[in-house]
Amino acid sequence: EDDRIQIKKLEKGIYKLIILRARISDTGDISCTCVGQNETKASLLVNKAEAPVVDAGDQDANDGKVKAKAKVKPRLVRDNLRIATIKVGGTHSWSVDVIGEPITDKTWTQGASYITKAKEALITEEHERIKLTHSDYNTVFEIKDALRKDNCKYKVRAENCNGFDEEWVELVVLGRPARPEGPLEVSNITANGCKLRWKAPLDDGGMPILEYNIELLCPKTKKWIKKGNVPETSSHSSLMLMVLRRDKITSLG
């Protein structure tokens, strides 16, 4: 019932209990019971925080009352900052709790892209597919209709007069690989076939390429016909080789 207490699933069979803005009243025993199984317990002790050091210039006077300004260096709660993998057109969000006094300024930065060669840039409200939502002690990053070019690292940063904290997190967007790089080289032409040679695509779609499909254009029907495939091998990481047998071609007439 308490919005300060969260239970998050880390992986199969493993959960994490998170208590935000702990209070003295949270001190006590915490138990976890699995349905039909054993129970485990742990003791939580919350110590009273020491009073912050306050200078004369770090005070506000409202209605004749003097209130001290707390000095707390920003700290990001990194529990949700894990690498995420989605497909092109998908959505994803990171919600990050932030500790710090005074209230921190929060920003997100999109890292350099090896796909588009774009440089690191601050994300603004004008971004067409990324929405940022900030509150006093939380910041949310949400992306929708993801594209391959969104595949990169993102940096969240919280800053106030007492310092800053920042962290990078990666988003993997899977899609179709780019076409193989040309030009297509044809060599060793004989009565039995020939050799084809090309370069690997600049973008593998987010996953290693396992094989290449070989197609032949029929001169009569003007249609492409699949003639086989070539496995990607470590010995030909940038150049691939294929022999087309004559008996596979002449059958087209």
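Anything mentioned here points back to the structure above.
What you see is a predicted model; the values in this text were computed from it and never measured. (Residues numbered from 1 in each chain as written. Predicted model: local features only at pLDDT ≥ 70, side-chain atom pairs only at ≥ 80, totals over all residues. Heavy atoms only, no water.)

### Some remarks on the environment of Ser93
Applicable threshold: What counts as a helix is a DSSP run of H or I of at least four residues, what counts as a strand is a run of E of at least two, and both are numbered from the N terminus.
When you line up the elements, Ser93 lands in strand β9 (residues 92-101). A sequence separation of 48 residues divides Ser93 from Phe141, and the C-alpha atoms of the two residues are 5.3 Å apart.

### Overview of the nonpolar core
Buried together is how nonpolar side chains tend to be arranged in soluble globular proteins. Using the following cut-off: The nonpolar core is taken to be a set of buried Ala, Val, Leu, Ile, Met, Phe, Trp, Tyr and Cys residues, with the residues joined through side-chain atoms within 4.5 Å. Any residue under 20% of the maximum accessible area for its type is buried, any over 50% is exposed, and the rest in between are partly exposed; the area is computed with a 1.4 Å probe on protein chains only. Every residue pair with non-hydrogen atoms within 4.5 Å of one another is taken to be in contact.
Judged by nonpolar contacts, the single largest core of 20 residues is most densely connected at Leu81, Trp94, Trp108, Phe141, Ile143, Tyr154 and Leu171. Those elements giving two or more residues to this core turn out to be β8 (84-87), β9, β13 (138-143), β14 (152-160) and β15 (163-174). The greatest single-element share of this core, amounting to four residues, is contributed by β14. Those residues within four positions of Ile143 in sequence are excluded, and the remaining contacts are Gly90, Thr91, His92, Arg129, Ile130, Asp150, Tyr154 and Leu171. Listed in part, the seven residues of the second largest apolar core include Cys194, Trp198, Ile209 and Val230.

### Quick look at the sheet that holds β15
Operational definition: In this analysis, strands are considered paired if DSSP registers two or more bridges between them.
With mixed pairing, the five strands of this open sheet are ordered in space as β8-β15-β14-β10-β11. Of all the strands in the sheet, the pair left with one neighbour each is β8 and β11 (121-122). As defined by bridge partners, β14 adjoins β15 across nine bridges and the pair is classed as antiparallel. Across the sheet, Lys153 pairs through a bridge with Glu170, a residue of β15.

### As for the pattern of salt bridges
A side chain with one charge can pair with a side chain of the opposite charge if their charged atoms come near. How we decide: When a carboxyl oxygen of Asp or Glu lies within 4 Å of a side-chain nitrogen of Lys or Arg, that pair is called a salt bridge.
All told, the structure shown has eleven salt bridges when counted by the stated rule. Notably, a salt bridge pairs Arg4 with Asp26, separated by 3.1 Å at the nearest N-O pair. One end of the pair, Arg4, is in the segment before β1 (5-11); the other, Asp26, is in the loop between β2 (14-19) and β3 (28-33), with 22 residues separating them in the sequence. For the pair shown, Arg4 and Asp26 are each scored as buried. The partner of Glu120 in a salt bridge is Lys155, and the shortest N-O contact between them spans 3.9 Å. Linking Glu120 in the loop between β10 (105-110) and β11 with Lys155 in strand β14, this pair joins segments that are 35 residues apart in sequence.

### With respect to the pairing of strand β17 (residues 193-199)
Along any regular strand, the residues point their side chains to alternate faces of the sheet. In the sheet, strand β16 (residues 181-190) pairs with β17 via five bridges, with the strands oriented antiparallel. Note that in β17 the partner of Thr190 across the bridge is Gly193. Linking β16 to β17, which pair antiparallel, is a turn of two residues.

### Considering the packing of aromatic side chains
Counted only if it meets this: Each Phe, Tyr or Trp ring (for Trp, its six-membered ring) is paired with any other whose centre lies within 6.5 Å, and the angle between the two planes then decides the class: stacked below 30 degrees, edge-to-face above 60, tilted in between.
All chains considered together, the criterion is met by six aromatic pairs. Here Trp94 and Trp108 contribute two aromatic rings whose centre-to-centre distance is 6.4 Å and whose plane-to-plane angle is 10°, an arrangement assigned as stacked. Of this pair, Trp94 sits in strand β9 while Trp108 sits in strand β10, and the two are 14 residues apart along the sequence. Across the pair, Trp108 and Trp94 agree in class, each one buried. Judged by centre distance (6.4 Å) and plane angle (50°), the ring pair of Trp94 and Tyr154 falls under tilted. Placement of Trp94 in strand β9 and of Tyr154 in strand β14 is noted, with a sequence separation of 60 residues between them. Three or more aromatic residues link up through ring pairs in this structure, and these residues are Trp94, Trp108, Phe141 and Tyr154.

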